[in-house]
Amino acid sequence: MDRSVADMTDLETRSLGRMLRDGLAELNAAQAARCLIAVASLLLVMVTLDPFPDLRNPDVTTIVGGRMAVTYVSWGLLAAIAVLFAARTDAPSLKTLVTPLHLCLVGWLLINIVLSESRGVSMQRFVLLVSMTSLAVLLPLLPPTQRSFNLCLGAAALVLLALCYLGVLLAPQYSIHTALDVTEPQLAGDWRGSFGHKNIASPVMTILVYVGIYLSAVGSFVMGPVIAALAGLFLIFTGGKTSSVLCLAVYALASLVYVTPSLWLKRIICFVPLIAMNLLTVGSVLSPALGAMTRLLPLDPTFTGRSAIWEFALAAVAEKPIIGHGYAAFWDDVTARQTAQGAEWATSAAHSHNSYLDLAVTIGLPGLLLVILVFVLAPLGNFQRAQAYSRSGALAKLFLTVWLFGLYYGTTETFLLERQNPIWFMFALAAAGLHFLARFQCVAQAEAKP
């Protein structure tokens, strides 16, 4: 970093407003605009244009056409502006994204949309995915320095946390699950903040814990611990068991990967437990032997009956294993499909509760393989390369931790390639950050050199 510890300690004695003012004062108008686009993108995906939905309203699940139009326009405009900024100053970085593997993934998605069971739905949702993912990928390039990137992350995190806590204090009926909720009244008492469900709030808070730890590591001795503590406390009150367990486990795993020199050992540490989790969950419905092993465990990896959903999804994969049923088009209307007797309720599921299985259902096994190559295997190689060149170790570890959390979170929930999903946004941001760090020095480090 280009600042001494003493300078950073002095910086943290100021108020957040003073910090932001001083940081923006060092930037010209174009650079300040880039930072504002970065913060706006983070807040749009985290807070959304429809925060604090009333889950007691029977119409809460109804999609309003005008509201969706505003969403598409907002994401499209932000993405277009981000592309223009990046094209002016970061053309070499953008060129590194044009690889045969990336082109194959995009090409396969386009083919899948053409052959989708609901072509119009797939195309519409793909447009939103492209806008959102473009912003996530470009966000590490928008702030001109690592210091400004840190301020953007910290500011967005504090705004989100303030909204969530104010919601709990001032309007608990809109920020805490209640027994009057139209769906899942059994979640009464679990905090959800500005989000529509605790299962969205809990992984976001986990990621904010990692952001707070990172900011603390680079010298933000007030803002960093405050973000980590507030996010950690909120995570506990969401009642999100999966995210709570993964929060510390993934950070420990990332720390182990960070100090492991060999790439092959890194792969073993990262992927062996991941494969085991998928075998104990989805694999338990494929193999009687794995199912028997699962039943011997002291906990239930099927998370109370999700095995029926996995069986239903696996049957859908068997119907169209190559091309799939169409990007984001399968789960809208599956009530007429056949399922095992006594498990008819599985047709009411919104997704398969496993990101990898869901991709096999929607974009087929070739699409799943391409996603694994691009978003599962490549980022670890990029981290190894960035580490070898000593490029911003703390930032690389943040990206590694968020990426690892996404991989493991995906074994029980669906988020990969999911439009307007904050977990997908942060996961794609982390993968892109590792990609750029593996190829370019951090701006702050480059400026520090004589």
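Look a little higher up for the structure.
Residues numbered from 1 in each chain as written. Predicted model: local features only at pLDDT ≥ 70, side-chain atom pairs only at ≥ 80, totals over all residues. Heavy atoms only, no water.

Remarks on the packing of helix H8 (residues 146-170) against helix H11 (residues 223-238)
Okay, so step 1: At a minimum axis separation of 10 Å, H8 and H11 run at an interaxial angle of 40 degrees. Overall, the two elements H8 and H11 adopt an arrangement that is oblique. In this structure, H8 crosses over H11, and the sense of that crossing is left-handed. Residues Leu151, Gly154, Ala157, Leu158, Leu161, Cys164, Tyr165 and Val168 of H8 form the contact with H11, whose own contacting residues are Met223, Val226, Ile227, Leu230, Ala231, Leu233 and Phe234.
Okay, so step 2: In terms of residue class, the contact of H8 with H11 is built from 14 nonpolar, 1 polar and no charged. (Axes fitted to C-alpha atoms, helices over the stretch in contact; angles between N-to-C directions. Helix = DSSP H or I, 4+ residues; strand = E, 2+ residues; numbered from the N terminus. Parallel < 35°, antiparallel > 145°, perpendicular 65-115°, else oblique. Left-handed = near helix turned anticlockwise from the far one by under 90°. Contact = heavy atoms within 4.5 Å. Nonpolar A, V, L, I, M, F, W, Y, C, P; charged D, E, K, R; others polar.)

Looking at unusual backbone geometry
Okay, so step 1: Phi is positive for Glu184, close to 50 degrees, though the residue is something other than glycine.
Okay, so step 2: Mapped onto the elements, Glu184 comes out in the loop between helix H9 (172-175) and helix H10 (198-217).
Okay, so step 3: Judged by its relative accessible area of 34%, Glu184 falls in the partly exposed class.
Okay, so step 4: The residue Ala328 is not glycine, and still its phi comes out positive at about 55 degrees.
Okay, so step 5: Structurally, Ala328 is set in the loop between helix H15 (307-319) and helix H16 (355-388). (Buried < 20%, exposed > 50% of the residue type's maximum accessible area, 1.4 Å probe, protein only.)

Side note on the pattern of salt bridges
Okay, so step 1: Evaluation of the coordinates by the stated rule reveals 4 salt bridges.
Okay, so step 2: Across the pair Arg34 and Asp90 runs a salt bridge, and its minimum N-O distance is 2.8 Å. On the criterion of sequence distance, the pair formed by Arg34 in helix H3 (residues 29-47) and Asp90 in the loop between helix H4 (65-89) and helix H5 (91-95) is long-range, its members being 56 residues apart.
Okay, so step 3: Residue classification places Arg34 among the buried positions, given a relative accessible area of 7%.
Okay, so step 4: Put simply, Lys198 and Asp190 hold a salt bridge, and the shortest N to O gap is 3.5 Å.
Okay, so step 5: By relative accessible area, Lys198 is classed as buried at 10%. (Salt bridge = Lys/Arg side-chain N within 4 Å of Asp/Glu carboxyl O.)

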